[in-house]
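Residues per chain, in single letters:
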Amino acid sequence: MLLLAGKGFAAEQVVNIAVAANFAGPVKHFASAFEEKTGIRPVITVGSSGTLFAQIGHGAPFDIFLSADAARPEALVAEGKADKQNLRSYARGRLALVTRQSAPSGLEEFLTRQFNKPVAIANPKLAPYGLAAEQVLSTLPENTALPFKLVRGKSILQAWQYFTAGNVDDAFVAWSLVKNSKANYWLIPASMHDPIVQKMVIVKHNQHPYAARRFMQYMMSPAVQNALADWGYQPVKARQKKNEDKTGER
């Protein structure tokens, strides 16, 4: 259980949050309710997990980091920039393939289509959802030639923006970005890539330790965890259901 006591905590009214682009929408929603509940004002910075991780390494004044993966928060602990006791899994993500055509039944059927534009993914080196997309494509037989070019966004949000702007007709994105949209998509089976376990960590030597602990506790509360499904995520202790891998054609 997280302790809420802290010297001088009453004077703290701000918490600086670094959040992976895929979780920007949910965190803004939850942060608004958090501020109303606590009076602590969240200041949110959105970027790819890799970019935010690098900024923290260079001393960016973030209090808490919500990554799209587990590796980067764990790396901050390993590097002494965060304490293990302040590391938590907060959500499980899912990958989807959004398309302007009908939702494909699977990867093989998708590859039989005619492609006039590139297919967008997030940069696998910076964004865990981009790495997951790369892993999905790697399930194809060796030496399979892709019938399309790939365009890489700095974050999963940029890959989604390529699609919404019409620069591409297909994109591998976070399910959370398309779940409540009118777009056609294929919810990719989780077995086709490594689990997308999203972790958060309080940065050591942060400026607002009490506020950071309060926000972490709030993110782990039943109210937030139970609401994750509305945003296209699973709570950290949820078991995957057999009917979750349905095609999301609209």
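In what follows, the structure referred to is the one given above.
Predicted model, so just to flag it, every value in this text is computed and none were measured.

**Topic: the environment of threonine 164**
Consideration 1: Within the secondary structure, threonine 164 is located in helix 6 (residues 156–164).
Consideration 2: C-alpha separation for the pair threonine 164 and alanine 183, spaced 19 residues apart in sequence, amounts to 9.6 Å.

**Section: the packing of aromatic side chains**
Consideration 1: Scanning the entire structure with this criterion turns up nine aromatic pairs.
Consideration 2: Both rings, one in phenylalanine 23 and one in tyrosine 90, keep their centres 5.0 Å apart while their planes meet at 70 degrees; by these two values the pair is edge-to-face. Of this pair, phenylalanine 23 sits in the loop between strand 1 (14–20) and helix 1 (24–38) while tyrosine 90 sits in strand 4 (residues 82–93), and the two are 67 residues apart along the sequence.
Consideration 3: For tyrosine 90, a relative accessible area of 0% gives the class buried.
Consideration 4: Where phenylalanine 34 meets tyrosine 218, the ring centres are 5.6 Å apart and the plane angle is 50 degrees; that geometry is what we call tilted. On the criterion of sequence distance, the pair formed by phenylalanine 34 in helix 1 and tyrosine 218 in helix 8 (residues 209–219) is long-range, its members being 184 residues apart.
Consideration 5: Residue classification places phenylalanine 34 among the buried residues on the basis of a relative accessible area of 0%.

**Notes on the environment of valine 236**
Consideration 1: Mapped onto the elements of the fold, valine 236 is located in the loop between helix 9 (222–227) and strand 11 (247–248).
Consideration 2: Residue valine 236 is classed as buried on the basis of its relative accessible area, which comes to 17%.
Consideration 3: The spacing of valine 236 and glutamate 74 is 162 residues in sequence and 16 Å in space, taken between C-alpha atoms.
Consideration 4: Excluding anything up to four places from it in sequence, valine 236 contacts Ser89, Tyr90, Ala91, Arg92, Met220 and Gln225.

**Some points on helix 5 (residues 128–137)**
Consideration 1: Among the ten residues in helix 5, eight count as buried, and that is most of the element.
Consideration 2: The complete set of buried residues in helix 5 reads Pro128, Tyr129, Gly130, Ala132, Ala133, Gln135, Val136 and Leu137.

**Details of the nonpolar core**
Consideration 1: Residues Phe23, Leu66 and Phe172 are the most contacted members of the largest nonpolar core, which totals 69 residues.
Consideration 2: No other element matches helix 8, which puts seven residues into this core.
Consideration 3: Once residues within four sequence positions are removed from consideration, leucine 66 is found in contact with Ile17, Ala18, Val19, Ala20, Phe23, Val27, Tyr90, Lys199, Met200, Phe215 and Met219.
Consideration 4: With twelve residues, the next largest nonpolar core counts Phe65, Ala82, Leu87 and Val203 among its residues.

About the cut-offs
Residues numbered from 1 in each chain as written. Predicted model: local features only at pLDDT ≥ 70, side-chain atom pairs only at ≥ 80, totals over all residues. Heavy atoms only, no water. Helix = DSSP H or I, 4+ residues; strand = E, 2+ residues; numbered from the N terminus. Phe/Tyr/Trp six-rings, centres within 6.5 Å; stacked < 30°, edge-to-face > 60°. Buried < 20%, exposed > 50% of the residue type's maximum accessible area, 1.4 Å probe, protein only. Contact = heavy atoms within 4.5 Å. Core = buried A, V, L, I, M, F, W, Y, C linked by side-chain atoms within 4.5 Å.

Function-wise, these values are silent; they only describe arrangement.
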